[in-house]
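Working through the structure, step by step
Now for the letters of each chain:
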Amino acid sequence: MKIKEVRVIVSSPGRNFVTVKIITDTGIYGLGDGTVNGREMAVAAYLEEHVAPCLIGRNAHDIEDIWQYLYKGVYWRKGPITMAAIGAVDMALWDIKGKAAGLPVYQLLGGKSRKAFTLYGHATGNTVEDTLENMAFLVNQGFKAVRLQSAIPGLDGTYGVLGDKKNYFELQSDRPLPPELPWSTLKYFNMIEELFAKARERFGNNIHLCHDVHSRLTPIEAGRLGKLLEPYNLLFLEDAVAAENQESYRIVRDHTTTPQALGEIYNTIWDCKDLIQNQWIDYIRMAATHAGGITAMRRIADFASMYHVRTAPHGAPDLSPICHAAHGHLNMWAPNFGVQEFVGFGTKQSNEVFKYDLKLQDGMVSVGDSPGLGVDFDEQAAKKYPYKRSYLPVSRLEDGTLWSW
Ligand code: KDG
Ligand code: MG
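This one's a predicted model, so the numbers in the text were calculated from it and none came from an experiment.

1. Notes on the coordination of the magnesium ion (ligand 2)
- Here the magnesium ion (ligand 2) is held by Asp-212 (OD), Glu-238 (OE) and Glu-264 (OE), and the distances to it run 1.9 to 2.2 Å.
- The motif formed by the donor residues of the magnesium ion (ligand 2), counted along the single chain, is D-x25-E-x25-E. Note that Glu-238 is positioned in strand β8 (residues 236-238) and Glu-264 in the loop between β9 (260-262) and α9 (273-277), a separation of 26 residues in sequence. No difference in accessibility class separates Glu-238 from Glu-264, as the two residues are buried.

2. Things to note about the domain arrangement of the protein
- Looking at the assigned domains, one finds that the protein contains domain 1 (3-105) and domain 2 (108-370).
- Taken over C-alpha atoms, the centre of domain 1 sits 26 Å from the centre of domain 2.
- Listed by partner, the interface residues are 35 residues for domain 1 and 36 residues for domain 2.
- Between domain 1 and domain 2 lies a buried interface of about 2,800 Å² when both sides are counted; carbon and sulfur atoms form 63% of it.
- Interface area lost by domain 1 to domain 2 is led by Met-91, Trp-94 and Val-105, which between them contribute 21%.
- Taking the shortest distance from any N to any O, the salt bridge between Glu-64 and Arg-299 comes out at 2.5 Å.
- Those elements that provide at least two residues to the side of domain 1 that touches domain 2 are β2 (17-24), β3 (29-33), α2 (63-71) and α3 (80-101).

3. Notes on the packing of aromatic side chains
- Tallying each qualifying case throughout the model produces 13 aromatic pairs.
- Seen from their ring centres, Tyr-188 and Phe-189 are 5.9 Å apart, and the 80 degrees between their planes marks the pair as edge-to-face. We note that Tyr-188, like Phe-189, is buried.
- Aromatic side chains Phe-342 and Phe-345 sit 5.1 Å apart centroid to centroid with 85 degrees between the ring planes, which places their arrangement in the edge-to-face category.
- Look at Phe-342 and you get buried, because its relative accessible area is 12%.
- One aromatic cluster is present, built from ring pairs that chain together Phe-143, Phe-342, Phe-345 and Tyr-356.
- Across from the ring centre of Tyr-29, 4.2 Å away, lies the NZ or CZ of Lys-21, which sits over that ring.
- Above the face of the Trp-67 ring, Arg-299 is positioned so that its terminal group lies 5.2 Å from the ring centre.

4. Digging into the sheet that holds β3
- Spatial ordering of the open sheet is given by β1-β2-β3, a layout of 3 strands whose pairing is antiparallel. Lying at the two open borders of the sheet, with one neighbouring strand each, are β1 (3-11) and β3. Going from strand to strand, the sheet's axes swing by 20 degrees on average, the running direction of each strand aside.
- With 8 bridges connecting them, β1 and β2 associate as antiparallel partners. Within the sheet, the bridge partner assigned to Arg-7 lies in β2 and is Lys-21.
- Helix-sheet contacts for helix α1 (residues 40-55) involve β1 and β2, and the interaxial angle to β1 is about 175 degrees.
- Contacts from helix α11 (residues 321-333) reach β2 and β3 within the one sheet, and its direction differs from that of β3 by about 100 degrees.

Rules used throughout
- Residues numbered from 1 in each chain as written.
- Chains lettered and ligands numbered in written order.
- Predicted model: local features only at pLDDT ≥ 70, side-chain atom pairs only at ≥ 80, totals over all residues.
- Heavy atoms only, no water.
- Donors = N, O, S within 2.8 Å, 3.2 Å for Na, K, Ca; no water.
- Helix = DSSP H or I, 4+ residues; strand = E, 2+ residues; numbered from the N terminus.
- Buried < 20%, exposed > 50% of the residue type's maximum accessible area, 1.4 Å probe, protein only.
- Domains from an automatic or database assignment.
- Contact = heavy atoms within 4.5 Å.
- Buried area = accessible area lost by both parts, 1.4 Å probe.
- Salt bridge = Lys/Arg side-chain N within 4 Å of Asp/Glu carboxyl O.
- Phe/Tyr/Trp six-rings, centres within 6.5 Å; stacked < 30°, edge-to-face > 60°.
- Lys NZ or Arg CZ within 6 Å of the ring centre and 35° of its normal.
- Pairing = 2+ DSSP bridges.
- Axes fitted to C-alpha atoms, helices over the stretch in contact; angles between N-to-C directions.

Set out below in structure tokens:
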């Protein structure tokens, strides 16, 4: 089954997505997601100019060899753009293999380890009360785990909580340069305990709670936060510290028993090797798009399972429904699956362009039996939504110092 054509389509049905369509000489095609938020055109150029020509004529069944060819065979290993390009190709090839076999991808991975996989929904608000109201909405729908984020009083805007006019995933098309948001660790600490204390008071102890720090703290501050939140029994604290230096998490671990989750911006197993091997984290949050596809995610999951680390794939809407579907198959298979982040099944526009075979019920998702990834992409509909340049915000301290993400 030879690869005949590789199409790269950048569209913006509600937000930008980089979609790869690999077409074989049998007519079977596969789809992959290569979206890197704010750097979409870099991935598209990498794929079109450097990857696509090397794929034509190869056997689409050779997933592992093609992965190694695009990773090891290139002098310049790793990095978000390279790994997203590999991720997109890899997903498309698994999709093709599944379609050729007449089996959903989770069957090719080893079959189901569970009936459905558990989600954590997002509750955010301008005040603690607003956040808890939004949590009630999710709890009433049957969600078993909720991530809580609340605006920080005294700061003019908080990442992830921009009120009802915007949410942080929205296109910045009216502001073609990155918006800036302030950060104050002091003011954050003044708010955060109240959020979790009130959540436990109102919803009791039978629901999982998570929180994303977006890497704004130093290791010792993260240790302090974890300790402060211990009475509220979080499922995990996410991205407490930017851990390019993986050793940082030794400090966090030494100071708190609050479980730690990390990895949504990681690109290879090397980014989390020490974190996992030293058991400094509890959940690995890498995404199939950014970590080099299903092939890489499967390897990371197996490695993590040796150290009691569970998977909790990134589920932001800046990954396309193709990546969410890939996660669905991985989540059905992975024996050490933990929880899946969930921000919704796309927008009205994205649902016009992408189709997927996933069902949500009571805060859990089941994956259908469609062969391959069970996704489809309407190229004609996508044409209605051309690419729009967009950026994530940057973070600055109140004195203007550029701060961590
Ligand atoms: O592109 C950045 C977003 O995907 C990210 O900020 C979302 O932190 C995020 C999360 O946990 O979903
Ligand atoms: Mg996050």
